[in-house]
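# Residue-level structure breakdown
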Amino acid sequence: TICMNETDMVDWETYVDFDSSSQSCGNFDWYFTSNVVKKGSQECTDLQMAYSEKCCYAPIDYTVPACSLCKQGEVWYDLNGDIQVEFEGEPRSCNEVSNSLF
């Protein structure tokens with residue numbers, strides 16, 4: 001796998017420049033198999049070092065209760081997702097802020 005951390009997931013929707021073209025991060029599994037790139041080999045390590053940070057993410061731990069912008073106590077409110085706010089010094093939509101909390 002392209003992920004250095006074995007518990008990370010591959011982001012199939014992210015594309016990187018590889019082998020003279022834009023490739024989905026998910027294509028690395030096919031590349032490793034087709035080119036017989038072995039786990040622990042120098043080529044595998046080099047590719048992981050180059051692409052793991054961009055192509056991989058830690059899965060959500062659903063055992064930890066998530067923070068929500070629109071829940072107070074046991075009451076859920078609708079998110080006005082298109083409204084722009086400043087978050088971490090950048091303009092963001094409420095949808096983006098809410099999604100970043102999970």
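This text gives an overview of the structure that appears in the document.

Calculation notes
The written sequence of each chain sets the order in which its residues are numbered from 1. The predicted origin of the model limits local features to residues at a pLDDT of at least 70 and limits the giving and counting of side-chain atom pairs to 80 or more, whereas totals for whole chains, interfaces and linings rest on all residues. Here the side-chain values reflect all heavy atoms present in the structure, with hydrogen atoms and water set aside. Side-chain rings of Phe, Tyr and Trp, where Trp is taken by its six-membered ring, are said to pair if the distance between their centres is within 6.5 Å; with planes under 30 degrees apart they count as stacked, over 60 as edge-to-face, and otherwise as tilted. A pair of strands is considered paired only if DSSP assigns at least 2 bridges between the two. Strands are runs of DSSP state E lasting at least two residues, helices are runs of H or I lasting at least four, and both sets are numbered from the N terminus onward. Pairs of cysteine sulfur atoms within 2.5 Å are identified as disulfides in what follows. Note on exposure labels: buried denotes an accessible area under 20% of the residue type's maximum, exposed denotes more than 50%, and partly exposed covers the range between, all computed with a 1.4 Å probe on protein chains only. The contact definition used throughout considers only heavy atoms, calling two residues in contact when any of these lie within 4.5 Å. Here the nonpolar core consists of buried residues drawn from Ala, Val, Leu, Ile, Met, Phe, Trp, Tyr and Cys, with membership extended through side-chain atoms lying within 4.5 Å. Counting of polar contacts relies on pairs of N or O atoms within 3.5 Å, with two restrictions inside protein: one atom must be capable of donating a hydrogen and the other of accepting it, and residues adjacent in sequence are counted only when both atoms are side-chain atoms.

### Comments concerning the packing of aromatic side chains
Taken as a whole, this structure holds six aromatic pairs when the rule is applied. An aromatic cluster of at least three residues, connected via ring pairs, comprises Phe 18, Phe 28, Tyr 31, Phe 32 and Tyr 51.

### Here we look at the pairing of strand β7 (residues 84-87)
As defined by bridge partners, β7 adjoins strand β8 (residues 90-93) across four bridges and the pair is classed as antiparallel. Following the sheet pairing, Val 85 is matched in β8 by Arg 92. Count of turn residues in the β7/β8 antiparallel hairpin: two residues, of which Glu 88 carries a positive phi of about 55°.

### Topic: the state of the cysteines
A complete count under the given rule lists two disulfides for this structure. A sulfur-sulfur separation of 2.1 Å characterises the disulfide bridge that pairs Cys 3 with Cys 56. Note on the Cys 3 and Cys 56 pair: the S-S dihedral is about -100°, so by sign convention the disulfide is left-handed. On the criterion of sequence distance, the pair formed by Cys 3 in the segment before β1 (9-10) and Cys 56 in strand β4 (residues 56-57) is long-range, its members being 53 residues apart. Per residue, the accessibility class of Cys 3 equals that of Cys 56, and both read buried. Between Cys 25 and Cys 55 runs a disulfide, and the two sulfur atoms are separated by 2.0 Å.

### Description of the pairing of strand β2 (residues 15-18)
Side chains Val 16 and Phe 18 of β2 all project onto a buried face; the interleaved residues Tyr 15 and Asp 17 project onto a face where none is buried. In this sheet, strand β3 (residues 21-24) lies alongside β2 in antiparallel orientation, the contact comprising four bridges. Considered in β3, the bridge of Tyr 15 is made with Ser 24. Where β2 hands over to β3, the hairpin turn is made up of two residues, of which Asp 19 adopts a positive phi near 55°.

### Regarding the side chain of Ser 93
Structurally, Ser 93 can be placed in strand β8. Judged by its relative accessible area of 11%, Ser 93 falls in the buried class. Setting aside anything within four residues of it in sequence, one finds Ser 93 in contact with Gly 81, Ile 83 and Gln 84.

### Let's talk about the nonpolar core
Of all hydrophobic cores here, the largest spans 15 residues; its most connected members are Ile 2, Phe 28, Phe 32, Leu 47, Tyr 51 and Cys 55. When residues of this core are traced back to their parent elements, those giving at least two are β2, α1 (27-34) and α2 (42-55). Residue contributions to this core peak at four residues, all from α2.

### Side note on the side chain of Gln 48
With respect to the helices and strands, Gln 48 occurs in helix α2. Among the polar contacts made by the side chain of Gln 48, one reaches the main-chain carbonyl oxygen of Thr 1 at a distance of 3.0 Å. In contact with Gln 48, other than residues within four places in its own chain, are Thr 1, Ile 2, Cys 3 and Met 4.

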